[in-house]
Amino acid sequence: MSAFKSMAFFYGALAAVPIMLWMIAITSPYPQFHLLRVAFAALSGAGAILFGLIGFNEVFHG
Amino acid sequence: MEKKTYDMRGKQANIARLWRFDKEGFVHMVAYRALIFYSIPYGILLIASLFYSNLAPYTGLLTAIFWILITPQLYETAKAFSLISSKGLAFGHLSEGYVYLSKSKYSRTGTLYKPIPYIAMILWLAGFVALLLWWRI
């Protein structure tokens, strides 16, 4: 696995996606943060897909 | 070059191979393997729910499943951060001689870094409660 893929995998998904989902959860009672939640949801979805693709490649193809 | 699918611990396909001597690693590995399959459709559905409002009610349950599966990864990431930042004094299986020298010669301690994974888990659990009570995008 290349160094770039490792960094993108670990820092981009392992930390960023949970943090963004956590931010969505704790700002859920506040309607004024709706746009922020939409942005975080879009980025989290993309990060989750990236995590799955790189993780699948890493486990099964090394 | 094809990835080798076995090592001294046994075959990679044997998901129970870590259970006997590394239960924490076993939980981490099982959750990780489930997550790499689950996260792709979850990510697609999460993005789709931003465009199709009839998917929105399902994002809470799907996120709760993702939340549970990524918990061991988050814990291990925080633990790795503590390990690296403390130069092995937090969560490192170091020899007593090295620990003694590290503390006496370099005045290093792992005290500040040891709580980090547990603080991360407390905040993560609080977020999970918030998800169950209030989740909406």
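Given the structure is predicted, the values throughout are model-derived calculations rather than measurements.

Thoughts on the overall build of chain B
For chain B, the helix and strand inventory stands at four helices and two strands. Seen in sequence order, chain B has helices and strands lined up from the N terminus as β-β-α-α-α-α. Projected onto its principal axes, the C-alpha positions of chain B cover 60 × 40 × 30 Å. When the 137 residues of chain B are sorted by exposure, 20% land in the buried category.

Notes on the interface of chain A and chain B
Facing the 27 residues of chain A at the interface are 26 residues of chain B. When residues of the side of chain A that touches chain B are traced back to their parent elements, those giving at least two are α1 (3–27) and α2 (34–61) of chain A. At 16 residues, α2(A) tops the list of elements feeding residues into the side of chain A that touches chain B. Considered class by class, the residues forming the side of chain A that touches chain B number 19 nonpolar, seven polar and one charged.

What to know about the packing of α2(A) against helix α1 (residues 23–49) of chain B
At a minimum axis separation of 7 Å, α2(A) and α1(B) run at an interaxial angle of 150°. Here α2(A) is positioned roughly antiparallel relative to α1(B), judged by the angle of their axes. Regarding α2(A) and α1(B), the two cross each other, and that crossing is left-handed. Taken together, the residues that form the contact of α2(A) with α1(B) break down as 15 nonpolar, six polar and one charged.

Considerations on the nonpolar core
Core analysis: the biggest nonpolar cluster contains 25 residues, and Leu21(A), Ile24(A), Ala25(A), Ala48(A), Phe66(B) and Ile70(B) have the highest contact counts within it. Within the residue set of this core, elements represented by two or more residues are α1 and α2 of chain A together with α1 and α2 (56–85) of chain B. Beyond its immediate stretch of four places on either side in the chain, Leu21(A) contacts Ser44(A), Thr63(B) and Trp67(B).

Quick word on the environment of Ile68(B)
All names here are of chain B. Mapping Ile-68 onto the fold places it in helix α2. Of the residues examined, Ile-68 has 13 C-beta atoms within 10 Å and is grouped as partly exposed. Spatially, the C-alpha atoms of Ile-68 and Leu-35 are 9.6 Å apart, while their sequence positions differ by 33 residues.

Quick look at α1(B)
In this model, α1(B) (27 residues) spans 37 Å end to end at C-alpha, consistent with the 39 Å of a helix rising 1.5 Å per residue. Of all the bends in α1(B), the greatest reaches close to 35° and is centred on Tyr38(B); the proline Pro41(B) follows between one and four positions later. Of all the residues in α1(B), the buried ones are Leu35(B), Ile36(B), Ser39(B), Tyr42(B), Gly43(B) and Leu46(B). Turning to α1(B), the residues buried within the fold contact α2 of chain A together with α2 of chain B.

Quick word on the confidence of the model for chain B
Residue and element names in this part refer to chain B. Confidence in the prediction for chain B averages 89 pLDDT; 98% of positions are at 70 or higher. When mean pLDDT is compared element by element in chain B, helix α4 (residues 116–134) scores highest at 96, while strand β2 (residues 10–11) scores lowest at 75. Across the assembled chains, the prediction reports ipTM 0.84 with pTM 0.85.

Re unusual backbone geometry
Residue and element names in this part refer to chain B. The phi torsion at Lys-87 lies on the positive side, around 55°, for a residue other than glycine. When you line up the elements, Lys-87 lands in the loop between α2 and α3 (96–106). Assessed through the 14 C-beta atoms surrounding it within 10 Å, Lys-87 is described here as partly exposed. Phi is positive for Phe-91, which is not a glycine, with a value near 70°. Assignment of secondary structure puts Phe-91 in the loop between α2 and α3. Taking the C-beta count within 10 Å as the criterion, Phe-91 has 17 such neighbours and is therefore assigned partly exposed.

The rules we used
Residues numbered from 1 in each chain as written. Chains lettered and ligands numbered in written order. Predicted model: local features only at pLDDT ≥ 70, side-chain atom pairs only at ≥ 80, totals over all residues. Helix = DSSP H or I, 4+ residues; strand = E, 2+ residues; numbered from the N terminus. Buried ≥ 20, exposed ≤ 12 C-beta atoms within 10 Å, placed from the backbone. Contact = placed C-beta atoms within 7 Å. Nonpolar A, V, L, I, M, F, W, Y, C, P; charged D, E, K, R; others polar. Axes fitted to C-alpha atoms, helices over the stretch in contact; angles between N-to-C directions. Parallel < 35°, antiparallel > 145°, perpendicular 65-115°, else oblique. Left-handed = near helix turned anticlockwise from the far one by under 90°. Core = buried A, V, L, I, M, F, W, Y, C linked by C-beta atoms within 7 Å. Expected span 1.5 Å × (residues − 1). Bend = angle between axes of the 7 residues up to and from the residue. pLDDT = per-residue confidence, 0-100.

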